[in-house]
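Structure at a glance
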Amino acid sequence: MAQAFTKLTAIAAPIMRTNVDTDVIISINRMIGNSVRGHLGKWAFGSLRYLPDGSDNPEFILNREPYRAAEILVTGPNFGCGSSREAAVWSLQEMGIRAIIGSGFGDIFFANCFQNGILPVVLDKAVIDSLASEIEASQGAGRLSVDLVEQTVTSPSGTRHVFEIDPRRRAGLLEGLDEISLTLRRDQEIRAFQASDRDARPWIHFAG
Amino acid sequence: MDTHGRTLLAKIWDQHVIAAVSDDTDLLHVDRHLLHDLGGSRGLIDLKSRNIPVHNPELTFATPDHAISTASARAGTIKTGWELLAALRTETSASGIRLFDLDQPGQGIVHVIGPELGLSLPGCLIVCGDSHTCTHGGLGALAFGIGSSELTHVLATQTIIQRRPKTMRVTFDGKLPFGVTAKDLILALIGHVGAAGGTGYAVEYAGSAIRDMPIEGRLTICNLSVELGAKMGLIAPDQTTFDYIRGRPYAPQGEMWERAVAAWRTLRSDSDAMFDREVTIDVATIIPQITWGTSPEHVLGVDGRIPDPADIADPARRGAIEIALDYMGLKPGAPIAGTKVDWVFIGSCTNSRLSDLRAAAEVARGRKVAPGVRAWVVPGSETVKRDAVAEGLDKIFTEAGFEWREPGCSMCLAANGETVPPGQRSVSTSNRNFIGRQGPRARTHLASPAMAVAAAISGAIADVRTMER
């Protein structure tokens, strides 16, 4: 069951490079195995966050104060493109990220966020750039507010930006719904579909 | 009332709607669910912990591909790889799911075996916890990658909740020039529309170059859909598709075959169907492609020059190019051809099918891998491997100095520990040149199988057209 999300005011870190893919968010060698959850936060953005000798890369924003405590990311175009690995979202969640605000996201990553109580917000690139500038100008001191009830992002200086979100996704996040239980309530419909589809497309349905 | 014709996507989509869950989002039936070793057992274990049975184990199929070694006898498989395989065996067996295990026909990269076994059919809705599931669209299936949570949902319900995507049609018209392959067409498209050009869309590939293309090329085209941001890519099924599927182990037979083909013939976009976006590419303008950077959109013709950030006005784009060039260790403005390479990888769900290996062997035959270059050929499946051996392709490769290996994903994503060493440069027939994709600090250039062999023989990025016979 996903954690609910309603409203958050927090430190936000801009990661503005284009096409940050899910391999960059979590390297395959850190996410492989069935018992990795709970151990991924340390490895989020590993190739950017650590130098080859394993020490912190001081250049990387999430290694700097106050951004170490960021709960919001402001991201460049096409953040989360690439692989379907949900561990990318898990690693961000485990390092404390609750919302990601960008001009566009990889489709599968975007869906995976909702499954884990992380709110991805899409706003125009010009708005994203202005949010990043404000945050950088305040050296991270300015907090961002994300309000899912009102569907707004408020910049450190108080500018409100309204965002669109799929109403079903919104309701799911606000209430922390469990999608499997909800779908299983429709099991009669699923089985009725299968029965009629078995007549229409018998080559799809093998003997159970 | 919509008076336009319907797209291929709409026709397949509507056949799978169990119920609408909101204006543009539907609960869809999943016809085929493919599991692999990285995430398959986790979903089954999650479900077991909730006391929920697998809804339709007979529509679910599994194989190990990501985490096992591709060395002979699977030697050197990492401990986690064996653990994931053991868990996949235990959990699929407990749930009554067919597992295509090591050394059996049917084992292989999940996107190679689906088509090969006749599991992937036109009009089928196929999901898998892997972004390259779009590959199966080459047969006219609606196929897409899902995350772990969605995977568990599919196991529990045999359904997936999806928002209907926008539609894009990409028309590849013309005849493929000498030395140009399906891989070059799709890389050129990604260069044209960008790595986010297809985000939110399902892409239908059409045009004379697609109609003339054999199925394995169509699978390669659809495979890279996700690299232009599109979760789904598909091609209308035609006689080429039906001829490919007929007689495969899970394909319909006899009277059922005739019924299926009749239904599949209706799966095409109507002539008056409207798409949200249209792109047309003249295939005659494309030459063999090679990537230079850390996104598949960083791509050039092999006669091109590495971009110079100094020429780029937009600071964000300039910065992105600088980061990529720094990672790749490349000199701005220099010709890409002649760049020295250390590794060559021929394999992956993009380019590891029999026709890929034949094209590679055709260039390798009678030649030698350059000194200092390590070159691997990793067939996509046990069946591809056996067919290639029966044709003697393995001998051509080994005599030329390539290593001939066991089927799996291998160095495409290095999940099994098979990595390009730090700082080394690889030409790879795979699908991603991301930072660290083939191993920490590995530098990847994507290309076709023939171009990869040209690089292996030359010891540097080279134009295969000067070597093809």
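Quick caveat: nothing in here was measured; it's all calculated off a predicted structure.

Here the focus is the overall build of chain B. Within chain B one finds 15 helices and 19 strands. Relative to the 2.2 N^0.38 estimate, which gives 23 Å for 469 residues, the radius of gyration of chain B is 21 Å and therefore close to what a compact globule would have. By principal-axis analysis of the C-alpha atoms, chain B measures approximately 55 × 55 × 45 Å. Within the span of chain B, comprising 469 residues, buried residues form 62% of the whole. Intrachain contacts of chain B at a sequence separation of at least 6 include 77% that bridge at least 24 residues.

Residues and elements named next belong to chain B. As a packed pair, helix α2 (residues 40-49) and helix α5 (residues 148-157) sit with axes 9 Å apart at the nearest point and diverge in direction by 60°. Classed by the angle they form, the pair α2 and α5 counts as oblique. Every pair of crossing elements has a handedness; the one defined by α2 and α5 is right-handed. Side by side, α2 and α5 meet where Arg42, Gly43, Leu44, Asp46 and Leu47 of the first sit next to Ser148, Leu151, Thr152, Leu155 and Ala156 of the second. Split by residue class, the contact of α2 with α5 holds five nonpolar, three polar and two charged.

Turning to the sheet that holds strand β19 (residues 443-446) of chain B, a few remarks are in order. Residue and element names in this part refer to chain B. With parallel pairing, the five strands of this open sheet are ordered in space as β17-β16-β15-β18-β19. Each edge of the open sheet carries a strand with a single partner, namely β17 (403-404) and β19. Bridge count for strand β16 (residues 374-377) against β17 is two bridges, and the pairing is parallel. Counterpart to Trp376 in the pairing with β17 is Glu403. Most of the contacts of helix α15 (residues 449-458) go to strand β15 (residues 343-346), to which it runs at about 155°, and overall it touches β15, β16 and β18 (425-428).

As a further point, take the domain arrangement of chain B. All names here are of chain B. Taken domain by domain, chain B consists of domain 1 (8-264) and domain 2 (289-466). Here domain 1 and domain 2 have C-alpha centroids that lie 24 Å from each other. At the interface, 43 residues of domain 1 touch 34 residues of domain 2. Listed by contribution, the elements that provide at least two residues to the side of domain 1 that touches domain 2 are α4 (110-117), α6 (182-193) and α8 (215-223).

Moving on: the sheet that holds strand β6 (residues 125-128) of chain B. Residue and element names in this part refer to chain B. The strand order across the open sheet formed by five strands is β5-β4-β3-β6-β7, and the pairing between neighbours is parallel. The sheet is open, and its two borders are formed by β5 (98-99) and β7 (142-145), each paired with just one other strand. As paired strands, β6 and β7 are joined by four bridges and run parallel to one another. Pairing of Leu125 across the sheet is with Leu142, part of β7.

Moving on, we get to helix α14 (residues 393-400) of chain B. Residues and elements named next belong to chain B. Buried residues of α14: Leu393, Ile396, Phe397 and Ala400, and no others. Considered in projection along α14, the buried side chains sweep an arc of 95° and stay on one side of the axis. Residues of α14 that are buried in the fold lie against α12 (354-364), β16, α13 (382-391) and β17. Positive phi appears at Gly401, one or two residues downstream of α14, with a value of about 100°.

This part is about the interface of chain A and chain B. The partner chain B presents 62 residues to the 45 residues of chain A that form the contact. Of all the elements, helix α5 (residues 107-115) of chain A adds the most residues to the side of chain A that touches chain B, at five residues. Partitioning the side of chain A that touches chain B into residue classes produces 17 nonpolar, 16 polar and 12 charged.

Right, let's get into the packing of α2 of chain B against helix α3 (residues 79-95) of chain B. Residues and elements named next belong to chain B. At a minimum axis separation of 8 Å, α2 and α3 run at an interaxial angle of 50°. By the angle class used here, α2 and α3 are oblique. The way α2 lies across α3 gives a crossing that is left-handed. Contact with α2, carried on its side by Gly40, Ser41, Leu44 and Ile45, involves Leu84, Ala87, Leu88, Glu91 and Ser95 of α3 and no other residues of that element. Its residues assigned to classes, the contact of α2 with α3 comprises five nonpolar, three polar and one charged.

Here we come to the pairing of strand β5 (residues 119-122) of chain A. Looking down a regular strand, the side chains alternate between one sheet face and the other. Two strands pair when backbone bridges link them, and strand β4 (residues 99-102) of chain A and β5 of chain A are joined in this way by four bridges, in the parallel orientation. Each residue of the ladder has a partner; that of Ile100 of chain A, found in β5 of chain A, is Pro120 of chain A.

The next thing to look at is the environment of Asp243 of chain B. Along the chain, Asp243 of chain B falls in helix α9 (residues 239-245). A count of 11 C-beta atoms within 10 Å places Asp243 of chain B in the exposed class.

The rules behind the values
Residues numbered from 1 in each chain as written. Chains lettered and ligands numbered in written order. Predicted model: local features only at pLDDT ≥ 70, side-chain atom pairs only at ≥ 80, totals over all residues. Helix = DSSP H or I, 4+ residues; strand = E, 2+ residues; numbered from the N terminus. Rg over C-alpha atoms; globule rule 2.2 N^0.38 Å. Buried ≥ 20, exposed ≤ 12 C-beta atoms within 10 Å, placed from the backbone. Contact = placed C-beta atoms within 7 Å. Axes fitted to C-alpha atoms, helices over the stretch in contact; angles between N-to-C directions. Parallel < 35°, antiparallel > 145°, perpendicular 65-115°, else oblique. Left-handed = near helix turned anticlockwise from the far one by under 90°. Nonpolar A, V, L, I, M, F, W, Y, C, P; charged D, E, K, R; others polar. Pairing = 2+ DSSP bridges. Domains from an automatic or database assignment. Arc of directions from axis to C-beta.

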